[in-house]
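# Architecture at a glance
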Amino acid sequence: MSNIVDPLVGRIAARVRTERERRRWTLAQLADVSGVSQAMISRIERGESSPTAVVLGKLSAAFQLSIASLLALAEGTPDGSPSAACVRRRTDTAEWRDPGTGYRRRQITGPDFPAEVAEIRLPAGARVPYPAAAFAFVRQVVWVLEGRLTFHDGDTVHELDAGDTIELGEPAERAFANATDTECRYAVILTRGTQP
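Numbering of residues starts from 1 in each chain and follows the order in which that chain's sequence is written. Local features in a predicted model are, by the rule used here, given only for residues with pLDDT of at least 70; side-chain atom pairs are given and counted only at 80 or more, and totals for whole chains, interfaces and linings are based on all residues. Side-chain measures here rest on the full set of heavy atoms in the structure, leaving out hydrogens and waters.

## Observations concerning the pairing of strand β2 (residues 104–107)
- Pairing between two strands requires that DSSP report at least two bridges joining them. Per the convention used, a helix needs a DSSP run of H or I reaching at least four residues, while a strand needs a run of E reaching at least two, with both numbered from the N terminus. Bridge count between strand β1 (residues 95–97) and β2: three bridges; the pairing is antiparallel. The residue of β2 that forms the bridge with glutamate 95 is arginine 106.
- Hairpin connection from β1 to β2: six residues lie between these consecutive antiparallel strands, with glycine 102 at a positive phi of about 85°.
- Of the pairings in the sheet, the one linking β2 to strand β3 (residues 116–122) comprises four bridges and is antiparallel in character. If you follow arginine 105 over to β3, its bridge partner there is isoleucine 120.

Structure, rendered in C-alpha cells:
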C-alpha cells in the first residue's frame, strides 16, 4: 500500500530512519540486527507500509528501545521539565493500529516520563508474538483492565482476567493472545534499566 493516510505512520517512518541513521547503520545492517527484511524496512522508512506489532517489536529491540519508547518518540510528544504538569487529552493522543491483527496501542505517558505506560486493545482471536530481544533492558508489568488475556511467557502460559497483573522476568519469547470472542484491554507499564 503506497498511499497510507495515517499521520502516525509517517512519524513512525521518520523515527525508524532517525534511529537507524543515528547509529550510522545501513538498511542491510538494520535488517541483519533486527531480522526484518531490508525491503520491508525501506517501505516503512518511506511511509509506504505500516509496520505490524511484530515488526515494531523487532525494530525496537534492534535499537534497544521499547516499543513504547519508539512510538512515544514517533508521536513527537512535547518535552517538558520533570516538574511541569502535562495534560494529554484522549483526543490528542495518537492510537497506533497493527494492520495485521487490529491490535491498537495508545501511549499514556510521554517520552520524558520515567515509566512508560501504554493502553492496548487486543481484538478477539488476535495473537501478537514478540522476540525475547524486545524485552531486554526493561522491567515490565502487564495489567489486564477488561476481558481475558492468554499470555505466553516462553513455554509457560498464563490465563489473566480483569484485575490480574504479571511482572515479567528475564527476557523470553512472549505472545499476547485473546482466545475469547470479546476485546481484551490491558496496560503495559515498564521502566528501562541496564539489565533485564
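Still to come is the rest of the account.
## Things to note about helix α3 (residues 38–45)
- Looking at α3, one finds that the buried residues are Ile41, Ser42, Ile44 and Glu45. Viewed end-on, α3 has its buried residues packed into an arc of 160°, placing them on one side of the element.
- At the exit of α3 stands glycine 47, carrying a positive phi of roughly 75°. For each residue, the accessible area found with a 1.4 Å probe, counting protein chains only, is set against the maximum for its type, and the residue is called buried under 20%, exposed over 50%, and partly exposed in between. Summarising the geometry, the arc corresponds to the directions from the helix axis toward the C-beta atoms.

## Details of the pattern of salt bridges
- Each reported salt bridge corresponds to a side-chain nitrogen of Lys or Arg within 4 Å of a carboxyl oxygen of Asp or Glu. This structure, assessed with the given rule, holds 16 salt bridges.
- Between glutamate 183 and arginine 121 there is a salt bridge, with the nearest N and O atoms lying 2.9 Å from each other. Here arginine 121 lies in strand β3 and glutamate 183 lies in the loop between β9 (174–177) and β10 (184–192), a separation of 62 residues in the sequence.
- Among the residues examined, glutamate 183 registers a relative accessible area of 33% and is labelled partly exposed.
- Notably, a salt bridge pairs arginine 185 with glutamate 146, separated by 3.2 Å at the nearest N-O pair. Taken together, the residues arginine 185 in strand β10 and glutamate 146 in strand β5 (residues 138–146) connect sequence positions 39 residues apart.
- Overall, arginine 185 belongs to the buried group, its relative accessible area being 18%.
- Accessibility expressed as a relative area gives 39% for glutamate 146, which makes it partly exposed.

## Observations regarding the sheet that holds strand β4 (residues 127–130)
- If you walk across this open sheet you meet the four strands as β4-β9-β6-β7, and the pairing is antiparallel. With partners counted over all chains shown, the strands left at the sheet margins are β4 and β7 (156–161), one partner each. Averaged over neighbouring strand pairs, the angle between their axes works out to 15° when direction is ignored.
- Examined bridge by bridge, β4 and β9 share four bridges and lie antiparallel to one another. For proline 129, the partnering residue across the bridge sits in β9 and is alanine 175. Every axis in this analysis is a line fitted to C-alpha atoms, fitted for helices over the stretch in contact. Angles between the N-to-C directions lie between 0 and 180 degrees.

## A look at the nonpolar core
- Buried Ala, Val, Leu, Ile, Met, Phe, Trp, Tyr and Cys residues that are joined via side-chain atoms within 4.5 Å together make up what is termed a nonpolar core. Core analysis: the largest hydrophobic core is formed by 43 residues, its most contacted members being Leu59, Tyr103, Leu122, Tyr130, Leu149, Phe176 and Tyr186.
- For this core, the element with the highest residue contribution is helix α4 (residues 53–62), accounting for six residues.
- Contacts between residues were defined by any pair of non-hydrogen atoms, one from each residue, lying within 4.5 Å. In this structure tyrosine 130 touches Ala53, Gly57, Ile67, Tyr103, Phe135, Glu173, Arg174 and Phe176, once residues within four positions along its chain are discounted.

## Things to note about α4
- Buried residues dominate α4, accounting for eight of its 10 residues.
- What α4 keeps buried is the set Ala53, Val55, Leu56, Gly57, Leu59, Ser60, Ala61 and Ala62.
- Taken from the residues just after α4, glutamine 64 is the one with a positive phi, measuring 55°.

## Things to note about the environment of alanine 179
- Here alanine 179 lies in the loop between β9 and β10.
- The class for alanine 179 is exposed, based on a relative accessible area of 72%.
- A C-alpha to C-alpha distance of 9.3 Å links alanine 179 and proline 123, two positions 56 residues apart in sequence.

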